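Topology and contacts: notes
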Amino acid sequence: MNIEIIKIPPQKTYAIRHQVMWPDKPLEFVFLQNDDDGQHFALCKGSNIISVVSLFTKNNSLQFRKFATKISEQGNGYGTLLLNHVMMIASKEKNIKKIWCNAREDKTSFYKKFGMTTTSKKFTKAGIRYVIMEKYSSTNKQNSI
């Protein structure tokens, strides 16, 4: 089966965001106010969207948000492929000094595999605990993009 990563409109991310991240909330809970300002990517297996991520750039930082892989496809390496793609995009952008995300605390080990480190910034949303994780470009810090 052919695997490819493509750009998609934000609306095509909503179903997987909802199913994986907030299935007990209304669909609108997964919408982002600035979705139209982001870049959205899907990892597709054949014609099926398996994993999605949304990227937002501000002040030399790239934040990835709403990174989700279909539950039935988790553990098969698709999220890793998609996050590697995000890291490649960040490394090619000359003005990006930092890549970061709001990671669910129980998922931090996944992001550490990509050289991301936890910060002291933590918060809770809808009963889920998060920690901000980041990775700097090689000109800024040791944990480089």
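Throughout what follows, the structure given in this document is the object of discussion. Within any chain, residue numbers begin from 1 and follow the written order of that chain's sequence. Totals for whole chains, interfaces and linings use every residue, but because this is a predicted model, local features are given only for residues with pLDDT of at least 70 and side-chain atom pairs only at 80 or more, for both listing and counting. Note that the side-chain values use all heavy atoms of the structure and ignore hydrogens as well as water.

With that settled, consider the sheet that holds strand 3 (residues 48-58). Backbone-to-backbone hydrogen bonds join strands into a sheet, with any given pair of strands oriented parallel or antiparallel. The strand order 1-2-3-4-5-7-6 describes an open sheet built from seven strands, whose pairing is mixed. Edge positions in the open sheet fall to strand 1 (3-8) and strand 6 (117-125), since each of these has one partner strand only. Between one strand and the next, the sheet's axes are offset by a mean angle of 25°, whatever the strand orientation. Alignment of strand 4 (residues 61-69) against strand 5 (residues 98-104), held across three bridges, turns out to be parallel. Pairing between two strands is assigned when DSSP locates at least 2 bridges connecting them. The secondary structure listing takes helices from DSSP runs of H or I that are at least 4 residues long and strands from runs of E that are at least 2 residues long, numbered from the N terminus. Here, axes are lines fitted to C-alpha atoms. For helices the fit covers the stretch in contact, and angles between N-to-C directions go from 0 to 180 degrees.

On to the pattern of salt bridges, then. The term salt bridge refers to a pairing of a side-chain nitrogen on Lys or Arg with a carboxyl oxygen on Asp or Glu at a separation within 4 Å. Within this structure, the stated rule accounts for five salt bridges. Between D35 and R17 there is a salt bridge, and its shortest N-O distance comes to 2.9 Å. Of this pair, D35 sits in the loop between helix 1 (14-21) and strand 2 (39-45) while R17 sits in helix 1, and the two are 18 residues apart along the sequence. Three labels apply to residues, based on accessible area from a 1.4 Å probe with only protein chains included: buried if under 20% of the type maximum, exposed if over 50%, partly exposed otherwise in between. Judged by its relative accessible area of 2%, D35 is buried. The residue K98 makes a salt bridge to E134 at a minimum N-O spacing of 3.7 Å. With K98 in strand 5 and E134 in strand 7 (residues 128-136), this residue pair connects regions lying 36 residues apart in the sequence.

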